[in-house]
Amino acid sequence: MKGQKVLKVASILMIIGGVIAAVAGVIGILGVTALVALAGSADGAGLLYASTTIVTVASIIQFIAGIKGIGACCLPEKAAGCIKWGITIVVLSIISMIIGLIGGADFSITSLVLNMLLPGLYIYGAMQMKDASGF
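For the structure given in this document, a descriptive report is provided here. Source: prediction; values computed, not measured.

### Side note on the packing of helix α3 (residues 79–102) against helix α4 (residues 109–133)
Where α3 contacts α4, the two axes come as close as 8 Å, and the packing angle between them is 170°. Between α3 and α4, the crossing angle belongs to the class labelled roughly antiparallel. Across from Ala79, Ala80, Cys82, Ile83, Trp85, Gly86, Ile87, Ile89, Val90, Ser93, Ile94 and Met97 in α3, the residues of α4 making contact are Ser111, Leu112, Asn115, Met116, Pro119, Tyr122, Ile123, Ala126, Met127, Met129 and Lys130.

### Regarding the nonpolar core
If you look at the biggest cluster of nonpolar residues, it comprises 19 residues, and the most contacted ones within it are Leu7, Met14, Ala65, Cys82, Ile89, Tyr122 and Ala126. Contributing elements (two or more residues each) for this core: α1 (4–39), α2 (45–74), α3 and α4. Top element by residues in this core is α3. It accounts for 6 residues. Residues in contact with Cys82, not counting those within four places in the same chain, are Lys68, Gly69, Ala72, Tyr122 and Ala126.

### So, the side chain of Thr52
Its location among the elements puts Thr52 in helix α2. Apart from residues lying up to four places away in sequence, Thr52 is in contact with Gly25, Gly28, Ile29 and Val32.

How each quantity is defined
- Residues numbered from 1 in each chain as written.
- Predicted model: local features only at pLDDT ≥ 70, side-chain atom pairs only at ≥ 80, totals over all residues.
- Heavy atoms only, no water.
- Axes fitted to C-alpha atoms, helices over the stretch in contact; angles between N-to-C directions.
- Helix = DSSP H or I, 4+ residues; strand = E, 2+ residues; numbered from the N terminus.
- Parallel < 35°, antiparallel > 145°, perpendicular 65-115°, else oblique.
- Contact = heavy atoms within 4.5 Å.
- Core = buried A, V, L, I, M, F, W, Y, C linked by side-chain atoms within 4.5 Å.
- Buried < 20%, exposed > 50% of the residue type's maximum accessible area, 1.4 Å probe, protein only.

From the geometry alone we can't say anything about function, so treat these as descriptive.
This is the structure we're talking about:
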């Protein structure tokens, strides 16, 4: 079926990336907590907590979306739900980049492209599956 391979590969990569990012997000939260404990003050830590929490939540959503994408490869009627999961991941990635910019990071077009590449392929594969199945 058209789009099945793209969706399957993107889903597998999202599962792997989601697990790695979830572990990194938890380590990041623990790191911010250790930083606050060492500094003895939580001044300015709110943005760090928000950023690491969003990364952790986004990675969990990415993991779930990857599992849903694998399921949609077998049942094309689930492809429409995958499109929604993919859009959610894109929105969370944009929010994360905005928080980074507020925190003082520089804007990087390379980072933007890399953050949107995998969810874009995931959405593309799901749209191809949806169109081919007629649901």
